[in-house]
Amino acid sequence: MGTFLTLPVELIADVLSELDLDSLIIISYLSRRLHDIVSDPSLNPWRKPILRSLRSSQIEGSSGSLKHLSVRRIVPRHNWIEILSLASPSFILLDATLPNLRSEEWEECFNRRFLPGWRKWHKEGSWKATYLEVLHRVYHRSRTSCTSDESWTKYIVLNRNGTANELEGSSRGFNPLAIFNEMKLQNNLMHLETRIRLVVELTDVRIIALGTLDRPRSTLTVNPNAHTFLHPPGIDDLQAPRNNRVVTDHGVYPLGPNLADYPGVSPPSIDFSHMTHPLPVSSHANYPWYTPGGGDKRWLGSGEVEEEGLKWVGGLMIITQILMPKTHELGGDWLPLQDLDLVVGSGRQQYASLGWSDLWAIAPWMEERISNKIDGPGLGI
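Residues numbered from 1 in each chain as written. Predicted model: local features only at pLDDT ≥ 70, side-chain atom pairs only at ≥ 80, totals over all residues. Heavy atoms only, no water.

Novice: Would you take a moment to explain the packing of aromatic side chains for this structure?
Specialist: Centre-to-centre distance and the angle between the planes together describe a pair of aromatic rings. In total, this model carries eight aromatic pairs according to the counting rule given. Note on Y155 and F174: the rings are 6.0 Å apart at their centroids and 55 degrees apart in plane angle, and the pair reads as tilted. One end of the pair, Y155, is in strand β1 (residues 152–158); the other, F174, is in the loop between β2 (163–170) and α11 (176–186), with 19 residues separating them in the sequence. Classification of F174 by relative accessible area gives buried; the value is 8%. The aromatic ring of W121 is capped on one face by R137, whose charged end is 3.7 Å from the ring centroid. (Phe/Tyr/Trp six-rings, centres within 6.5 Å; stacked < 30°, edge-to-face > 60°. Helix = DSSP H or I, 4+ residues; strand = E, 2+ residues; numbered from the N terminus. Buried < 20%, exposed > 50% of the residue type's maximum accessible area, 1.4 Å probe, protein only. Lys NZ or Arg CZ within 6 Å of the ring centre and 35° of its normal.)

This is the structure in structure tokens:
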């Protein structure tokens, strides 16, 4: 122990960050030097064990270490921004002892956890009150069929002519498959199978896109914005270094600009920052870049085509689905995390509104590519 304590504080902090949360708490009281190191906000060996605990499926059944971490003065307060952004609603509302944070810190927690459109719930109260109120709404809706707090559910449709509509349907019995089938009927596309893609998953909701794929005889029915939404422009160009790519059964995809060998100045077409407001879950941590692990299934093809050489045709419907306790269970005899598995079955019946500000947050590159934003049905002016 004596030799270990003579090492540089940065190295000691790195070693301590590999411990589990219970062990780190115990070791932090073994000596004054260790106590000072773990208490230093700039070193912060707590972040890694906290993230490991948050990503564990056993968080609700774990020990009280994470639940009551706020009572320990040795834990820097900014770690709670991470916890309040990623922990489950039941853990925060029912188990955790909440810390005393400043108003701007509660606002940061809100912005990292929820879609921008949900700021509408912030009235005159504090950001802590707004955060907890919205979290209560999410927790309630994820366990019931109640829609009293949101009678109408908004969604966005990307049209093949470059425009987009923000539409809405009654929240009671909101059925994206039925709505999209009506869209297909109006566009003479009922003979095509509905294809569904998981775009990105957040702590409480996931963004889903419904569209159709075909081998069109002309470009008139092709929807370039549907492809651009799922394939951010430039990411398919494979301009990232070889060590910064991943090979899958469907293609070779770049992981993003965070590795050490990535060029200091990247071409503007692939200069995408990882999304942080809101913050994706670990299965989509690299979004809008590709995240290995099997949860990111946006890209079942490369270049301008999808799987089997198909292209997106007709409109693309974008919705927000509330995550429920059974959402991640297989919904039937189909491939997981794509197509009908995303919208059919238990735990896939609750939806929330998706507006323009939410679309710009999850796909900022689309703002300049949509030629006309239309509120409601119609072609716009």
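Still more ground to cover, so stick around.
Novice: When you look at the layout of surface pockets in this model, what are you seeing that I'm missing?
Specialist: One way to see where empty space is left: roll a probe the size of a water molecule over the atoms. As a volume, the second largest pocket reaches approximately 430 Å³. Elements with a contribution of two residues or more to the lining of the second largest pocket: β1, β2, α11 and β7 (311–322). Among the elements that make up the lining of the second largest pocket, the one with the highest residue count is α11 (four residues). Taken together, the residues of the lining of the second largest pocket break down into seven nonpolar, nine polar and two charged. (1 Å grid on protein atoms, 1.4 Å probe; cavity = no way out; pocket = protein on both sides within 12 Å on 5 of 7 lines; lining within 4 Å. Points joined across faces, edges and corners; volume = space filled by probe spheres on them. Nonpolar A, V, L, I, M, F, W, Y, C, P; charged D, E, K, R; others polar.)

Novice: Even after reading the chapter, I still don't get the packing of helix α2 (residues 9–16) against helix α4 (residues 32–39), so can you show me in this structure?
Specialist: How two helices sit against one another is set out by the angle between their axes and by the gap between those axes. The geometry of α2 relative to α4 is characterised by a closest axis approach of 10 Å and an angle of 80 degrees between their N-to-C directions. Between α2 and α4, the angle is such that the two are roughly perpendicular. Contact with α2, carried on its side by V9, I12, A13 and L16, involves R33, L34, I37 and V38 of α4 and no other residues of that element. Grouping the constituent residues of the contact of α2 with α4 by class yields seven nonpolar, no polar and one charged. (Axes fitted to C-alpha atoms, helices over the stretch in contact; angles between N-to-C directions. Parallel < 35°, antiparallel > 145°, perpendicular 65-115°, else oblique. Contact = heavy atoms within 4.5 Å.)

Novice: I keep staring at empty space enclosed by the protein and nothing clicks. Help me out?
Specialist: As enumerated under the stated definition, the model contains two cavities of 30 Å³ or more in all. Volume-wise, the largest cavity comes out at about 40 Å³. Grouping the amino acids of the lining of the largest cavity by side-chain chemistry returns five nonpolar, no polar and two charged. One number sums up the size of the second largest cavity: a volume of about 30 Å³. Surrounding the second largest cavity, F180, M183, K184, N187, L189, G314 and G315 form its lining. Broken down by secondary-structure element, the contributors of at least two residues to the lining of the second largest cavity are α11 and β7. Here the lining of the second largest cavity gets three residues from one element, more than from any other, and that element is α11.

Novice: Looking at this structure, I do not really get the pattern of salt bridges. What am I missing?
Specialist: When their charged atoms lie close together, side chains carrying opposite charge are able to pair. Counting across every chain of the model gives 17 salt bridges. The residue R102 makes a salt bridge to E104 at a minimum N-O spacing of 3.1 Å. A network of salt bridges, in which partner residues are shared, links R47, E82 and R112. (Salt bridge = Lys/Arg side-chain N within 4 Å of Asp/Glu carboxyl O.)

Novice: Teacher, can you tell me more about the confidence of the model for the chain here?
Specialist: For the chain, mean pLDDT is 85; residues scoring 70 or higher make up 84% of the total. Residue range residues 258–270 is modelled with pLDDT below 50. Its contacts to residues more than four positions away, or to other chains, number 23 contacts. (pLDDT = per-residue confidence, 0-100.)

Novice: For this particular structure, what's the right way to read the packing of helix α5 (residues 47–55) against helix α7 (residues 79–86)?
Specialist: Where α5 meets α7, the axes come as close as 10 Å, and the angle between the chain directions of the two elements is 10 degrees. When the axes of α5 and α7 are compared, the pair comes out roughly parallel. As α5 runs across α7, the sense of the crossing is right-handed. Mapping the contact onto sequence places R47, I50, L51 and L54 in α5 and N79, E82, I83 and L86 in α7. (Left-handed = near helix turned anticlockwise from the far one by under 90°.)

Novice: Can you walk me through the pairing of β7 in this structure?
Specialist: With 11 of its 12 residues buried, β7 lies for the most part within the structure. In this sheet, β7 lies alongside β1 in antiparallel orientation, the contact comprising three bridges. Bridge pairing links L158 to L316 in β7. Note that strand β4 (residues 205–214) and β7 share nine bridges and pair antiparallel. Paired with I208 across the strands is I319, a residue of β7. In this sheet, strand β8 (residues 351–352) lies alongside β7 in antiparallel orientation, the contact comprising two bridges. Within β8, the residue paired with Q321 across the bridge is Y351. (Pairing = 2+ DSSP bridges.)

Novice: Before we go on, may I ask you to explain the environment of T212 in this structure?
Specialist: Assignment of secondary structure puts T212 in strand β4. If we skip the residues at most four places from it in the chain, T212 touches F180, K184, L189, L192, E193, K311, W312 and V313. Here V313 takes part through its backbone oxygen, which lies 2.7 Å from a polar atom of the side chain of T212. (Polar contact = N/O pair within 3.5 Å; in protein donor to acceptor, adjacent residues only side chain to side chain.)

Novice: Just checking my understanding: could you explain the nonpolar core for this structure?
Specialist: Nonpolar side chains tend toward joint burial in soluble globular proteins. Residues W46, W118, Y131 and F229 are the most contacted members of the largest nonpolar core, which totals 77 residues. Looking at which element gives the most residues to this core, the answer is helix α10 (residues 127–141), with six residues. Setting aside residues no more than four positions away along its own chain, W46 makes contact with L21, L24, I25, V38, L69, I74, V75, P76 and N79. Counting residues in each nonpolar core, the second largest holds 16 residues, with Y155, F180, I196 and I208 among its members. (Core = buried A, V, L, I, M, F, W, Y, C linked by side-chain atoms within 4.5 Å.)

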